[in-house]
Each structure stands twice: as structure tokens, then as C-alpha cells.
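What follows is the residue order along each chain.
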There are 2 protein chains.
Amino acid sequence: MLEPDFDKAGGLVPVIAQDAASGEVLMLAYMNRQAWEETLRTGEVHYWSRSRGKLWHKGGTSGHVQRLKSLRLDCDRDAVVALVEQVGGAACHTGYRSCFYREIGRDGADAECSPKVFDPEKVYGPGA
Amino acid sequence: MLEPDFDKAGGLVPVIAQDAASGEVLMLAYMNRQAWEETLRTGEVHYWSRSRGKLWHKGGTSGHVQRLKSLRLDCDRDAVVALVEQVGGAACHTGYRSCFYREIGRDGADAECSPKVFDPEKVYGPGA
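These numbers come from a predicted model, not from an experiment.

Engineer: In this structure, what is going on with the overall build of chain A? I would like to understand it.
Structural biologist: Scanning chain A from N- to C-terminus turns up two helices and eight strands. Walking chain A from its N terminus toward its C terminus, one meets helices and strands in the order β-β-α-β-β-β-β-β-β-α. Against the compact-globule benchmark of 14 Å for 128 residues, chain A has a radius of gyration of 15 Å, which places it among compact chains. Considering only C-alpha atoms, chain A reaches an extent of 40 × 40 × 30 Å along its principal axes. Across the 128 residues of chain A, 53% fall into the buried class. Looking at chain A as shown, the accessible area adds up to about 5,700 Å², and 44% of this sits on carbon and sulfur atoms. Within chain A, one finds 16 positive and 18 negative side-chain charges whose respective centroids are separated by 3 Å.

Structure below.
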């Protein structure tokens, strides 16, 4: 089966999660082989958390899972696009729909470009 | 000005090039500070080529430059989306519109999902 070249990539490949319906890029995270296999087996996107050093079932805490529609592999097999349905409507732990919620124009001015969907304190608890 | 945290990211951040009109994800490459600044200064996307170890003006050889529309920064400031107009209609050196031209469905079956726009031999010469 077609799969990333985990050996070439040092075990981890960057994964772009894209909303399958709107085309909005939601986040970028990483998969190792285990995350890739769990994603295909379960139909919900799993990543490898580099900061926590463990498998990360996205939405396992918040309920905001990413239902897998398809996976796309690039020409070098060292990057992935995951087309997903984002349950809860927000991928970012800050409550924004997309982690990429800040946009910089050609003139250098910045603005918000993705709506805030939830209050992190209400989903993760105070201090989140 | 808002910019990636190049120090945290070891000098390089992953950059997702996305077609500004269609929303198709075209490729993933990397920027260092110099590439980021050249992109904003010139309005054409520059990357840092990890394989060649030098600044890479995308399309400098083929003419298939990426005209910058805007840059988006993620919550951690360690990943970027570049919204672009892809001159020539293809981002991939293989001639496909997107480097992500292979799709794997939930059933594990793969198929092409992006059209071939040009013949690499005609753009880069024989043996390309």
C-alpha cells in the first residue's frame, strides 16, 4: 500500500489537516508509522505529539476528533494532507476554527482570518 | 511585525503553499528567516532548500513562480500557510498541479487526485 517514507523522514512526516468541505487548512502536526496506521484503522486522525512524546488521538480530550475522509501523499512521500471533517468545528486548542487564524498581507499588516468557535476554558477547564 | 518563531523551530518552519483561488494544497516546503523576508519583499514565494542548502526562489528555473497573496501563521508560530497564485498552473516538478497528487481512501485504495499539467522534460530538459 502507498504510504509515507518514514525511514527517509527520520520516522516523522508533517501532516496538513484540511477541512474536506471548505478547503480551509486547519493545522499542521506530525505522524509516525503508528499514528498513520491508527488513523487508517480507526477513521479518526492520530498524530505523534513531539512535545509529549506519545501517540495523540486528536480530540480525545475535547471530543473534537477529526473524521478521516482521505489521505494525500506528496511526490517525495515525506508530507501528507489529511482531508477531514472537524467535529466541534474547531481544530485549534485556542478555540479558533483553524490554528492558522492570523493572516499577514503583502503590506505587512496582520488580521484575524478564522473565527473563534469555542472558549478553551469551557472545553478544557480553567487555566487551559 | 508578526513572524514565525525561527529560533524555537531551529531556524526552519514548514510552509504549506495553498492555491488562493481553489484552496488546493499545492506543496509543503520550508522557510528560514531569509526566505520569509525575500517572500514579503518580492511578492514571490522563496523557500530554503534543505537538499541544496540554499535559498530557493520557487519557479526561478521553470518560470512557475508563486505570486504571494497572504501568509498565515499558526497558534505556535512554527508553521505557515502561503496563499498563492501558481503561475503555469503546476507546483510539482513532476508536472502535476499539486505535489499531493495521490490520494488514499478509507479502504486503502489509491488514486490520482490532481491533474498533470506539463511534461517535465519540456520544462526542465531531457532527463529531468
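Engineer: Please clarify how the interface of chain A and chain B should be interpreted in this entry.
Structural biologist: Interfaces are often described in size by the accessible area the parts lose on coming together. Taken together, the contact pairs 43 residues of chain A with 43 residues of chain B. Roughly 3,500 Å² is buried in total at the junction of chain A and chain B, and carbon and sulfur atoms are behind 62% of that figure. Considering only the side of chain A, the residues that lose the most area to chain B are R102, I104 and R106 of chain A, jointly responsible for 21% of the buried surface there. Connecting chain A to chain B are two salt bridges. Inspection of the region where chain A meets chain B yields 15 residue pairs in polar contact (both at pLDDT 80 or more). Listed by contribution, the elements that provide at least two residues to the side of chain A that touches chain B are β1 (13-19), β2 (25-31), α1 (33-42), β5 (66-73), β6 (80-86) and β7 (102-105) of chain A. No other element matches the six residues that β5 of chain A contributes to the side of chain A that touches chain B. Residues of the side of chain A that touches chain B, tallied by class, amount to 23 nonpolar, nine polar and 11 charged. For β7 of chain A and strand β5 (residues 66-73) of chain B, the ladder comprises four bridges, and the chain directions are antiparallel.

Engineer: When you look at the relation of the copies chain A and chain B in this model, what are you seeing that I'm missing?
Structural biologist: The operation relating chain A to chain B is a screw motion whose rotation component is 180°, with 0.0 Å of axial translation and a residual RMSD of 0.0 Å. Taken together, the rotation angle and the small translation identify this as a two-fold axis. Ranked by how close their C-alpha atoms come to the rotation axis, the residues of chain A are headed by G23 of chain A, at 2.7 Å. By residue overlap, the copies meet face to face through one surface: 98% of the interface positions of chain A are interface positions in chain B.

Engineer: Sorry, what's going on with the sheet that holds β1 of chain A here?
Structural biologist: Within a sheet, adjacent strands bond to each other through the backbone by hydrogen bonds, running parallel or antiparallel. Strand order in this open sheet of six strands is β2(A)-β1(A)-β6(A)-β5(A)-β7(B)-β8(B), and the pairing throughout is mixed. Both edges of this open sheet fall to β2 of chain A together with β8 (110-112) of chain B, since each of them pairs with a single strand only. Between one strand axis and the next, the sheet turns through 30° on average, direction left out of account. Bridge analysis of β1 of chain A against β2 of chain A gives six bridges, and the strand direction is antiparallel. Each bridged residue has a counterpart across the sheet, and for P14 of chain A the counterpart in β2 of chain A is Y30 of chain A.

Engineer: Whenever I open this one, the layout of surface pockets confuses me. Can you help?
Structural biologist: Empty space among the atoms becomes apparent when a probe as large as a water molecule is rolled across them. Taken as a whole, the largest pocket spans an internal volume of roughly 1,000 Å³. Taken together, 38 residues make up the lining of the largest pocket; nearest its centre are D76 of chain A together with L28, A29, S51 and W56 of chain B. Going through the elements one at a time, β2 (25-31), β3 (46-49) and β4 (54-57) of chain B are the ones with two or more residues in the lining of the largest pocket. Of the residues in the lining of the largest pocket, the class split is 20 nonpolar, eight polar and 10 charged. If you add up the space inside the second largest pocket, you get close to 790 Å³. As for the second largest pocket, its lining consists of 31 residues, and the residues nearest its centre are M27, R52, W56 and H93 of chain A together with D76 of chain B. Those elements that provide at least two residues to the lining of the second largest pocket are β2, β3 (46-49) and β4 (54-57) of chain A. Looking at the lining of the second largest pocket, the element that brings in the most residues is β2 of chain A, giving four residues.

The rules behind these values
Residues numbered from 1 in each chain as written. Chains lettered and ligands numbered in written order. Predicted model: local features only at pLDDT ≥ 70, side-chain atom pairs only at ≥ 80, totals over all residues. Heavy atoms only, no water. Helix = DSSP H or I, 4+ residues; strand = E, 2+ residues; numbered from the N terminus. Rg over C-alpha atoms; globule rule 2.2 N^0.38 Å. Buried < 20%, exposed > 50% of the residue type's maximum accessible area, 1.4 Å probe, protein only. Areas by Shrake-Rupley, 256 points an atom, 1.4 Å probe, with all protein chains shown as cover. Lys, Arg positive; Asp, Glu negative; His and termini not counted. Charge placed at Lys NZ, Arg CZ, Asp CG, Glu CD. Contact = heavy atoms within 4.5 Å. Buried area = accessible area lost by both parts, 1.4 Å probe. Salt bridge = Lys/Arg side-chain N within 4 Å of Asp/Glu carboxyl O. Polar contact = N/O pair within 3.5 Å; in protein donor to acceptor, adjacent residues only side chain to side chain. Nonpolar A, V, L, I, M, F, W, Y, C, P; charged D, E, K, R; others polar. Pairing = 2+ DSSP bridges. Least-squares fit on C-alpha atoms with pLDDT ≥ 70 in both. Axes fitted to C-alpha atoms, helices over the stretch in contact; angles between N-to-C directions. 1 Å grid on protein atoms, 1.4 Å probe; cavity = no way out; pocket = protein on both sides within 12 Å on 5 of 7 lines; lining within 4 Å. Points joined across faces, edges and corners; volume = space filled by probe spheres on them.

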